[in-house]
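This is what each chain is made of:
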Amino acid sequence: MLEIKNLTKIYPNGKKAVSNLSMTVADGDLFGFIGKNGAGKTTTLKACLTIHDFNSGDILLNGISIKSAPLECKKKMAYVPDSPILETYLTGLQYLNFICDIYDVSTHTRRKRIYDLSERLGMKDKLNDLISSYSHGMKQKISLIGAFAHDPLLLILDEPFVGLDPEAFVQLKCMMKELCASGGSVLFSSHILDVVEKTCNKIGIIQNGKLIKNGNTKDILGTSDLEDVFMELNGE
Amino acid sequence: MKTFRLLIKREFFQIFKFNKILHGERKESKKYISVLCTVIVVFFIFAVYWFSNIYQICLEFQSQQELLNYLIKPLVILAVFIVFLSTFMKGSGVLYSDKSIDILFAYPIKVRNIVFAKLFFLYLWGLAITFALLIVPLIRYELMSYNILFAILDLVQILFLPVIPILLGIILGYVLYRQLGNFFQSGSYIRSILYLVLFIGFMAFMFFVFNKIDFDFLYRAIIEKEVDWNNNYGIFFSHGLEAIILAFAIFLVGGLLVAYISKTYKSKCFRLQVFNKRKNAKKQLLKKSTKSRTLLIREMRRYFSTPIYVLNTMLGIILLLLFTAYSFLKSDSVLNYVTIIGNIFGITNISVIFVFVVSLLIVLSNTTYASISIEGKHRDILKSLPVSLKELLLAKYQLHLLLTVPIICITSFVLGSIYQMNSIELTLCLFLPITVSAFVGILGLFLNLLLPNYEWENVTYIVKQSIPAISTVFLSILIVGSSLWCLIRFFNHSILIASYILGVLYLIFTIIVSLFLKRIEINF
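Residues numbered from 1 in each chain as written. Chains lettered and ligands numbered in written order. Predicted model: local features only at pLDDT ≥ 70, side-chain atom pairs only at ≥ 80, totals over all residues. Heavy atoms only, no water.

## Let's talk about the overall build of chain A
Summing up its helical and strand segments, chain A has nine helices and 10 strands in all. The C-alpha radius of gyration computed for chain A amounts to 18 Å, which stays within 12% of the reference 18 Å derived for 236 residues, consistent with globular compactness. Here chain A holds 236 residues, and the buried ones make up 56% of them. Sequence separation of at least 24 residues holds for 67% of the intrachain contacts in chain A that already meet a minimum separation of 6. (Helix = DSSP H or I, 4+ residues; strand = E, 2+ residues; numbered from the N terminus. Rg over C-alpha atoms; globule rule 2.2 N^0.38 Å. Buried < 20%, exposed > 50% of the residue type's maximum accessible area, 1.4 Å probe, protein only. Contact = heavy atoms within 4.5 Å.)

Dropping the structure here:
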């Protein structure tokens, strides 16, 4: 379970990116995090992994503070950024091997998972090629394979569907649901409201660094669709 | 014309990055201004030194013809060569490696305007080199003749001079540098090895052959050939029909080359973007490794895949290997020089001088001063992984030691056997250079963590021109050089024991600096 308590992040130039944000992602939750550009989604996600420090508040993973035991928490988490920035001098397989070594995945487990995941995302024949030769979508797929390969408790994804082909798009949704069904949780940000509405059991809407709506998808939507709710909340 | 001006403005902002000063973050802007000011000051000092020296040389020539044959025309050849070489190495990159070229092609702009805008800056670069070399001798030459029309004609010839070398440099640079480079890009480290071999070859030439070259004879031979050619076919700085022929020929050939470059520009840009898939790629295995080993392997793979990183950090190792090879081949000659140095400074145990040479040379090989900045945009991903900064820094430090320590051991044993060092001297030959290497490695790590730059676009900048790179090299040479100098100056009679104590001090300094790393880890 991820608990974000009164998170505040102010950048050095004085901009308050996140203001007193509190939310919970329980085990089994598929949490959709939506907001306009510059609302604070990426800052919140990065703060959960200590990529950014935060000014006040705390973030706990299964009761352990990410500030006091960052490595312990990160061992159970995985992150895929919006732009896949990978080591271009490595092949796909070398990169995945590296990730599995970092997360201490056994040889047998990594072989099985990497080949299964690469088959599902259509990357099986590309693993021996250099990452520098990959398209944006292929880099995104390799990032996702790396994230799922060590079976994390919490998966944090920033706009994961960007650049994916339709087949990979569908597969990713299935993989996210499978992770949640096995007791893990997924927190992802997206601008594709349709996917968030149909896939997530919980939604959080952020605006100007503040969480303006948070809860079960059914409760938030009521009789409307997410698009109407979002536009109404953003005053349009 | 409007589009051309817009493209020129775009190129200008792309090359000089003035937007960082005008619109960037205050901290970034200040850093850029200070770097720019430093470059301008250094350039100004160098320019004053160069122009004053060339002026003094000009004054040595009493007649116009002498000045023309013995200074101006050789400088023309030199200018043509430098312009050609610089555009061969970099010009093709400026033209063909624009990351947002696809966007430009999508706009309603003629391809030739894009090409002209890029060629314009390359032409300005070529013109700057030509003027830097020729302006002072040319002014002196024109003042000797007092003919304004001839002066204008000569100036026009100077303006035309860089055109053909630039265009040829671009075309050949594309073929030999970019296309072959692309071929080697398939991840096998061949490109780095190739550069390294070329670099070793160059250094070996400088070490073993350069001092045997009779430059006086070479200069006279070039001048004789040039004067002879000039008498039969001379057109440079002539003021008759030949000048018109020259201008016309340059115009025609230049026009054809520009037309060729414009015509093939789009296809060449595309070809560079598409990487050839490796045929029969070696099947790789999934194998578990420890975290520390996998981080080290990552560092090694990145290091050997980045030719500029390898080239700039291998200098000390290459010099050390060449020195050892030279000592092996000409041991008596080296011993004579070392004995003379020993006599001058009153050092009785001359084996220590070899230890100092190894220590000084190894300082020039340091991979750590760019190892933090080189993470660049990977920093976020690394921070999301369960990897502590300590583990990451350790991997970078290990790479540095893995490159330098085996070389120190090999060269020390070879030098030890050539010059019959006893066990104490041999141990010192291992101990002092290793502790020096350990110290400069940690110093580089410290300075890079203190002043990192993660926003680089070209790795060349952080490896060659960044503040941590320059300050690490400078401080390493200063600290190690002055400490060895102190030993020679004040402890020449008990230099062996003093050197051991210095080694212990370097070890202590290494530990102290490593403790300070924790205080600045926030910079990562």
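## Let's talk about the side chain of E142(B)
Position of E142(B) relative to the elements: it lies in helix α6 (residues 111-145). With residues near it in sequence (within four places) discarded, E142(B) still touches N147(B), F150(B), A151(B) and D154(B).

## Some details on the sheet that holds strand β4 (residues 56-61) of chain A
Either a parallel or an antiparallel arrangement is found when strands of a sheet pair, and the pairing is made through backbone hydrogen bonds. All names here are of chain A. Strand order in the open sheet formed by four strands is β2-β1-β4-β5, and the pairing between neighbours is antiparallel. Every interior strand has two partners, whereas the edge strands, β2 (16-25) and β5 (64-65), have only one. Bridging between β4 and β5 involves two bridges; their strand directions are antiparallel. Across the sheet, the residue bridging to L61 is I64, located in β5. Against the sheet, helix α1 (residues 41-48) contacts β1 (2-10), β2 and β4, and its axis sits at roughly 120° relative to β1. (Pairing = 2+ DSSP bridges. Axes fitted to C-alpha atoms, helices over the stretch in contact; angles between N-to-C directions.)

## Quick word on the pairing of strand β10 (residues 210-216) of chain A
The sheet contact formed by strand β9 (residues 202-207) of chain A and β10(A) spans six bridges and is antiparallel. By the bridge assignment, Q207(A) is partnered in β10(A) with K210(A).

## Description of the pairing of strand β3 (residues 30-35) of chain A
Residue and element names in this part refer to chain A. For β3, the tally of buried residues reaches six of six residues, placing the bulk of the element in the interior. Here β3 shows two buried faces, one formed by L30, G32 and I34 and the other by F31, F33 and G35. Note: β3 against strand β8 (residues 185-189), four bridges, orientation parallel. Residue F33 lies in a different strand from β8, and its bridge partner there is S189. Inspection of the sheet shows β3 paired to β9 by five bridges, in the parallel sense. The residue of β9 that forms the bridge with F33 is G204.

## What about the interface of chain A and chain B?
The interface of chain A with chain B comprises 38 residues on the first partner and 33 residues on the second. Summing both sides of the interface, chain A and chain B together bury roughly 3,400 Å²; the carbon and sulfur share of this comes to 59%. Taken as a group, I85(A), Y89(A) and I102(A) account for 20% of the area that chain A buries against chain B, more than any other trio of residues on that side. Linking chain A with chain B are three salt bridges, by the criterion used here. (Buried area = accessible area lost by both parts, 1.4 Å probe. Salt bridge = Lys/Arg side-chain N within 4 Å of Asp/Glu carboxyl O.)

## Quick look at the sheet that holds β10(A)
Residue and element names in this part refer to chain A. In spatial order, the strands read β6-β7-β8-β3-β9-β10; together these six strands make up an open sheet with mixed pairing. The open sheet has two free edges, formed respectively by β6 (77-80) and β10, since each of these has just one partner strand. Averaged over all neighbouring strand pairs, the angle between strand axes comes to 15°, with direction disregarded. Across the face of the sheet, helix α6 (residues 166-181) comes into contact with β3, β7 (154-158) and β8 while running at roughly 140° to β8.

## Details of empty space enclosed by the protein
Across all of its chains, the model carries three cavities of 30 Å³ or more by this definition. When its volume is computed, the largest cavity comes out at roughly 110 Å³. Lining of the largest cavity is provided by 15 residues; of these, Y79(A), Y95(A), I99(A), S143(A) and A147(A) occupy positions nearest its centre. Listing elements by their share of the lining of the largest cavity, those giving two or more residues are β6, α3 (92-102) and α5 (136-149) of chain A together with α17 (379-384) of chain B. (1 Å grid on protein atoms, 1.4 Å probe; cavity = no way out; pocket = protein on both sides within 12 Å on 5 of 7 lines; lining within 4 Å. Points joined across faces, edges and corners; volume = space filled by probe spheres on them.)

## Quick look at the packing of aromatic side chains
All names here are of chain B. Enumeration according to the criterion identifies 16 aromatic pairs over all chains in this entry. Pairing F4 with F120 gives two aromatic rings, centres 6.3 Å apart and planes at 75°, and the pair type is edge-to-face. Remark: F120 occurs in helix α6 and F4 occurs in helix α1 (residues 2-16); sequence separation between them is 116 residues. Here the aromatic rings of F105 and Y265 are separated by 5.9 Å at their centres, their planes lie at 80°, and the arrangement is edge-to-face. (Phe/Tyr/Trp six-rings, centres within 6.5 Å; stacked < 30°, edge-to-face > 60°.)

## What about helix α3 (residues 26-59) of chain B?
An ideal rise of 1.5 Å per residue puts 50 Å on 34 residues; α3(B) measures up with 49 Å between its terminal C-alpha atoms. Within α3(B), the full set of buried residues consists of S29(B), Y32(B), A47(B), I54(B) and C58(B). (Expected span 1.5 Å × (residues − 1).)

## Some thoughts on the confidence of the model for chain B
All names here are of chain B. Averaged over all residues, the pLDDT of chain B equals 84, while 90% of them reach at least 70. Here helix α10 (residues 215-233) is the element of chain B with the lowest mean pLDDT, 65, and helix α18 (residues 389-418) is the one with the highest, 95. Model confidence for the complex: the whole-complex pTM is 0.78, and ipTM, which rates the interface, is 0.85. (pLDDT = per-residue confidence, 0-100.)

## Considering the environment of G346(B)
Residue and element names in this part refer to chain B. Looking at where G346 falls in the secondary structure, it is placed in the loop between α15 (331-345) and α16 (351-362). For G346, a relative accessible area of 30% gives the class partly exposed. G346 sits 182 residues away from I164 along the chain, and the two C-alpha atoms are 58 Å apart. Excluding residues within four positions of it along the chain, G346 makes contact with N492 and H493.

## Some thoughts on a nonpolar patch on the surface
Together, I497(B), I501(B), V504(B), L505(B), I508(B), F509(B), I512(B) and F516(B) line one region of the surface with nonpolar side chains, adding up to about 690 Å² of accessible area. Note on placement: I508(B) falls in helix α22 (residues 495-517). (Patch = residues over 30% accessible without salt bridge, like charges linked within 9 Å, V, L, I, M, F, W, Y side chains within 5 Å. Areas by Shrake-Rupley, 256 points an atom, 1.4 Å probe, with all protein chains shown as cover.)

## Observations regarding the pattern of salt bridges
Side chains that differ in charge, positive against negative, can pair when their charged atoms come close. Residues and elements named next belong to chain A. All chains considered together, the criterion is met by 20 salt bridges over all chains. Here D151 and R113 are joined by a salt bridge, their closest N and O atoms 4.0 Å apart. Separated by 38 residues along the polypeptide, D151 in the loop between α5 and β7 and R113 in helix α4 (residues 107-120) bring together distant segments of the chain. The exposure class of D151 is partly exposed, given its relative accessible area of 45%. Here R113 falls in the partly exposed class, since its relative accessible area comes to 26%.

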